Amino acid sequence: MEFSSREEVHVRHNYQYLLVSLFLTAALAAPAALTAAARQQENGRQEEHHRGDDHNRVYNRDHKDYHNWDDNEDRSYRVYLSERHREYHPFVELKVKEQRGCWNWRHRHPDHDRNGG
């Protein structure tokens, strides 16, 4: 009978050790998982951000500013494409190099009828 109770103590101790280990692992991994989930996926392209007022904002990494993607911005983008004899493709689908070229052009050709660019 004594052997049985020692075995039970040993099993209980191992079980507690396992539970504590799992708890500590989860506690240490949780911040990393939350950070990864909160971070937007980086795919190398300019991100399109949706706001509550249904306007799209696009971040220009090189110039470190946002542009409201509205009719005016789309019109400017189409002028940029037209000057280069390129077909229209949604901006967010362009390669990084093409987006940078567009933003550089955009900052050299600001709208004179509104503030900012």
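Cut-off values and rules
- All residue numbers refer to positions counted from 1 along the written sequence of the respective chain.
- Two thresholds apply to this predicted model, a pLDDT of at least 70 for residue-level local features and 80 or more for giving and counting side-chain atom pairs, whereas whole-chain, interface and lining totals are computed over all residues.
- Side-chain metrics rest on all non-hydrogen atoms present in the structure, leaving aside hydrogens and water.
- In this text, helices come from DSSP runs of H or I with a minimum length of four residues, and strands from runs of E with a minimum of two, each type numbered from the N-terminal end.
- To sort residues, take the accessible area from a 1.4 Å probe on protein chains only and compare it with the maximum for the residue type: under 20% means buried, over 50% means exposed, and anything in between is partly exposed.
- Contacts are assigned to residue pairs with any non-hydrogen atoms lying within 4.5 Å of each other.
- With residues, only the protein chains shown are counted as cover, and all accessible areas are computed by Shrake-Rupley using a 1.4 Å probe.
- The criterion for an aromatic pair is that two Phe, Tyr or Trp rings (for Trp, the six-membered ring) have centres within 6.5 Å, with stacked assigned to planes under 30 degrees apart, edge-to-face to planes over 60 apart and tilted to the rest.
- A ring is scored as having a charge over it whenever the NZ atom of a lysine or the CZ atom of an arginine sits within 6 Å of its centre and within 35 degrees of its normal.
- A pair of strands counts as paired when DSSP detects no fewer than two bridges linking them.

Enquirer: Hey, could you run me through the overall build of the protein chain in this one?
Expert: Counting its secondary structure elements, the protein chain contains 3 helices and 3 strands. What you see in the protein chain, going N to C, is helices and strands ordered as α-β-β-β-α-α. For the protein chain, with 117 residues in total, the buried portion stands at 21%. Pairs at least 24 apart in sequence give 39% of the contacts found in the protein chain among residues at least 6 apart. About 9300 Å² of surface is accessible on the protein chain, with carbon and sulfur atoms providing 54% of the total.

Enquirer: Mind showing me how you'd approach the packing of aromatic side chains here?
Expert: Any aromatic ring pair is given by two values, namely how distant the centres are and how the planes are angled relative to each other. Going through the model one piece at a time under the given rule, you end up with 8 aromatic pairs. Their ring planes at 90° and their centres at 6.3 Å tell us that Trp69 and Trp103 sit as a pair that is edge-to-face. Residue Trp69 is found in strand S3 (residues 65-69), and its partner Trp103 is found in helix H3 (residues 96-108); the two are separated by 34 residues along the sequence. The residues Trp69 and Trp103 share a single accessibility class, namely buried. Look at Tyr80 and Trp105: their rings are 5.5 Å apart centre to centre, the planes differ by 55°, and that puts the pair in the tilted class. Separated by 25 residues along the polypeptide, Tyr80 in helix H2 (residues 71-83) and Trp105 in helix H3 bring together distant segments of the chain. Residue Tyr80 shares its accessibility class with Trp105, and that shared class is buried. Members of the aromatic cluster, connected to one another through ring pairs, are Trp69, Tyr77, Tyr88, Phe91 and Trp103. Directly above the aromatic system of Tyr66 lies the positively charged group of Arg57, at a separation of 4.1 Å from the ring centroid. Lying across the ring of Tyr88, Arg78 places its NZ or CZ 3.9 Å from the centre.

Enquirer: Help me out: how do you make sense of the pairing of strand S2 (residues 56-60) in this one?
Expert: For a regular strand, side chains alternate in direction, first toward one face of the sheet and then toward the other. The alternating pattern of S2 places Asn56, Val58 and Asn60 on a buried face, while none of Arg57 and Tyr59, on the opposite face, is buried. As paired strands, S2 and S3 are joined by 5 bridges and run antiparallel to one another. Each bridged residue has a counterpart across the sheet, and for Tyr59 the counterpart in S3 is Tyr66. The antiparallel hairpin formed by S2 and S3 contains 4 residues in its connecting segment, where Lys64 sits at a positive phi of about 55°.

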